Amino acid sequence: MLIALSKVGKTMLDFIKAKLNIWKSGAAKGIGDSPSEYTQLKSELTDNMVFFQGKFDGCVDFVYKEMQICGKKAVVMYVDNMIDKLALSEAVMDPLTKAVPPAGMTNDEEIYKWLRDCVLFTVDQREIFSVEECQWLMMTGFVVLLIDDYEKALIFGLQAFKFRSIEEPPSETAIRGSREGFVEPLRINLMLLRRRMKNTNLKFETYILGNESKTEVCIAYLKGVAAPSLLESVRHRLKTIDVDTILAAGYIQSYFQDSPLSIFSTVGITERPDVLCGKLYEGRVSVIVDGSPTTLLMPYLFTENFQNADDYAVGTYYATFTRILKYLAFFIAVMLPGLYVAVGSFHPALLPSALLYTLAQSEEGTPFPLVFEAILMQLIYEMLREAGLRAPKQFGSAINIVGAFLIGQAAVSAGLIGAPMVIIVALTATTGLVVPTLYEPGVIMRFVFIIAAGMMGLFGITLAFAFFAFLVCSMKTYEVPFTAPLAPLDIFSLRDVIIRAPWKVLSRKKVKVQDVTGSEVDKALG
Amino acid sequence: MEKQSFISNKQLIVLLILTRLPFSTAYIVGLNAGRSVQDILLAVPVNFVINFIVAIPLLMLIKRYPGKDPVECAINILGKPTGMIVALIYGLFFLATVVHMQAVFQNFFINTVIPDSNFNSVAIPMLFVVCFYGAVKGIETIVRFSSIGIVIYLVVVSMIIISLIPSIKLDYLSPQFYNGPGVFLKAIWAGFNSNPQILFLAFCIPFLKIGTKTGKLFMKWNIFAMVLFFLLEFVSITVMGPYGAKQNYPLSALSMLSQISVFERLDAIDMVSWILNAVIYTTFYIYLMSSCILKFGFNKHKKIVIFLCVVVIFFLSKLEDSVSTEIHDVYTNPILTGVTVFLLIVLPITLLLADVIKRRIVNEETE
């Protein structure tokens, strides 16, 4: 009976899934996926131009210039403001207009080869044969040269579009580390990586994804270090992405998640090239999206949330101290309000008498139960935080004043909230930002702990903790346990988890992510 | 069973320790021993030796069929129908044990921790949410969680022990056998009855690396358990003396006496580790139960089987909770001794004999 019911339930679920189509996956449809379907350039220049003018109709930034080269009609095309016009004039236009073929050179193909090899001198120069490639390359800052009677085009990489300068990422600042962060253009980001790792094993593979946006996406890895099976898994997932637009790394992050419904992310993000290089050196694979300074990292372990660039730039003892501080801060941020509610409501005997009397005195006149106070204050704090983030800068100070007044003073003096709860909220707010990558799951866990504590005290907290522990322990990121190297325990790997061992110890043996205890990268993905 | 899962020897030892700890100390010390409570301490090393001797038949059986649990061994030796019967027997044993443990836990919780709570409010979130979720996630998740649980347990126990060092009175350790050897023998009996960990180990064999020396593994676990038990009982006896013998939950009583700086007493913190252990214990038992039932060919309906196990445990433990939870009676109960002897000694020896006979017949036929 139950089995039949489960079958009916499964059929219904499949039907709903198919209707909603939220988990659909299909082959990526971008440039480079099916070259056989490309449209070949025509030999007649007029035919090609009719095509391009039709395609770019209404695009005011499409620029083309007709000219004569060695007695043949030619057209130079580009997208305005994407190229360096001076370089175009000096490296392409000027030599072309002055070009006179050597005496006796009458064959069309010979003239073309002479133009290509002896007249034009740009470094980034290639031949292409399809209109799709012409279109895409123009929109990435290439100049296209079409010559009558030739079924191919010459392209010149003369990109000079404006982009944000390289600066330190605000979300990952370092006191003693590098001040450089990724920017939006993919090629600049690749340069930042290459400059740090002058190694031919550092490989970049590019793909074009997004049916409409045609965004360039790059896989970066260190050959010989990253597990081949891991790399293949990332490639496979990338190829199954079927979205119309990819405007940031976040658009495709969920495709690389092993547990998409979990509150914890199994895909790391960084905006720092030095951090990314370090991670690649440990066998990880990265995905970089053109137009986004955020890069994705796979696999990503829970303990990596507590590591940052500064840990490796400061002394061992201080780095270890800050590492432990981060674990403590996360614990406080997530559990303190719940523990306060549990102790205050169910287990007051746990506290020393003096402290208990002080707390009781503060909470005596308040009208709400502790659990309601905690939820209310946390909600107000989260709303203020959201307002501070989203509101225009001009309103920022006003929000701060109102927030501080509302939380800090008015609520307490009006007798609505106890003063200790304000301290708890302030502590939670501060400690919650010590590990920024765990802020989002931390907020959700905090509310769960408060509600559980309000219902069943420490028993509720323990059950909620057990639930989250089961959740975290069951997660895997590319066949590596998410909780490694803590569970399963890998004593050797702990030298960079709870503590930060001296560099002499760290560099003695390279630990690849696929070698962590419990990892089945090669066994399962291979 | 999930053959693709993998656990290490250390993880298994930790899991076995955790499933032994939460209640055994309570039972062994709380034997109404009065002034002879110190005799229990001598029983700990004796129990260690007995445990190892008792485990020999099962270890021999496992050794003959590497990578297989007792049910799979039975299927290989006597065929699938007999294997099903063996699976049913072990499944029922796991059910009975977890039901009793749940009833004791609920009893302790409702009477000692939060008197305002009732069975449903404690058991429903624990069984139907946390334990069900953990069991569905599988053995790897359970053992990983247990390695977190043991750290918390050891921290809490260390805090309790350290805070109680000044209260230790070595006078409580003598005289030995003041009232004869009765308490000593009873402690050995209770230790024997409350130690089915060799069965757990046997059921976890498929998840260990092929070639793991199970005897060595069991020895390591047994030594670790003995040291920890000895320490806990030493502190219980030397701090509480005859008063400890009246306590159903001596560790909880110890934590009430302990005090560390900001904490007036540590019983609430001890309760946290206790609940965590109970969660791991229950989840592991549910998992073992369900893996026995899955042998009947319900592999495709694992979640339903686990859910049904949880439902059965819930109702049976509610029934037992309403009847009686006199813990001393259970672990010095001759019926339980009979069951333990049957499961640990008689059944494995029977299977071993059947295997020997079967192999002999096969050899004769081959010749």
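Above this text is the structure in question.
Structure report, in brief. This is a predicted model, so every value here is computed, not measured.

Let us look at the overall build of chain A. Looking only at helices and strands, one finds 17 helices and 12 strands in chain A. For 526 residues, the compact-globule estimate of 2.2 N^0.38 gives 24 Å, and chain A exceeds it by more than 25% at 30 Å. Overall, chain A is about 105 × 60 × 55 Å in size when its C-alpha atoms are taken along their principal axes. When the 526 residues of chain A are sorted by exposure, 48% land in the buried category. In chain A, of all internal contacts separated by at least 6 residues, the share reaching a separation of at least 24 is 68%. Summed over its atoms, the accessible surface of chain A is roughly 25700 Å², and 62% of this surface lies on carbon and sulfur atoms. The averaged location of the 54 negative side-chain charges in chain A is 6 Å from the averaged location of its 50 positive side-chain charges.

Time to look at the sheet that holds strand S7 (residues 215-222) of chain A. All names here are of chain A. Across the sheet, which stays open at both edges, the 5 strands sit in the order S6-S7-S9-S10-S8 with antiparallel pairing between neighbours. Single-partner strands in this sheet number two, and they are strand S6 (202-209) and strand S8 (268-270). Pairwise comparison of adjacent strand axes, ignoring direction, gives a mean angle of 25° for this sheet. For S6 and S7, the ladder comprises 8 bridges, and the chain directions are antiparallel.

Glancing now at the side chain of B:Ser290. All names here are of chain B. Positionally, serine 290 belongs in helix H11 (residues 267-294). Taking the relative accessible area as the measure of exposure, serine 290 reaches 1% and is therefore buried. What serine 290 contacts, discounting residues up to four positions off in sequence, is Val305, Ile306 and Cys309.

The next point concerns unusual backbone geometry. In this structure, the amide linkage connecting A:Met298 to the following residue, A:Pro299, adopts the cis form with an omega of -15°. Along the polypeptide, A:Pro299 turns up in the loop between strand S10 (295-298) and helix H10 (316-345). Along the chain, B:Ser174 connects to B:Pro175 via a cis peptide bond; the corresponding omega equals 0°. Position of B:Pro175 relative to the elements: it lies in the loop between helix H6 (139-164) and helix H7 (182-193).

Turning our attention to the sheet that holds strand S1 (residues 62-69) of chain A. All names here are of chain A. Strand order in the open sheet formed by 5 strands is S1-S2-S4-S5-S3, and the pairing between neighbours is antiparallel. Looking at the sheet topology across the chains shown, the edges are occupied by S1 and strand S3 (125-128). Looking at each pair of strands side by side, their axes are set apart by 25° on average, direction ignored. Where S1 meets strand S2 (residues 72-79), 8 bridges bridge the pair, whose relative direction is antiparallel. Bridge pairing in S2 places glutamine 68 opposite lysine 73. Seen against the sheet, helix H2 (residues 45-55) touches S1, S2 and strand S4 (142-147) and runs at an angle of roughly 20° to S2.

Calculation criteria
Residues numbered from 1 in each chain as written. Chains lettered and ligands numbered in written order. Predicted model: local features only at pLDDT ≥ 70, side-chain atom pairs only at ≥ 80, totals over all residues. Heavy atoms only, no water. Helix = DSSP H or I, 4+ residues; strand = E, 2+ residues; numbered from the N terminus. Rg over C-alpha atoms; globule rule 2.2 N^0.38 Å. Buried < 20%, exposed > 50% of the residue type's maximum accessible area, 1.4 Å probe, protein only. Contact = heavy atoms within 4.5 Å. Areas by Shrake-Rupley, 256 points an atom, 1.4 Å probe, with all protein chains shown as cover. Lys, Arg positive; Asp, Glu negative; His and termini not counted. Charge placed at Lys NZ, Arg CZ, Asp CG, Glu CD. Pairing = 2+ DSSP bridges. Axes fitted to C-alpha atoms, helices over the stretch in contact; angles between N-to-C directions.

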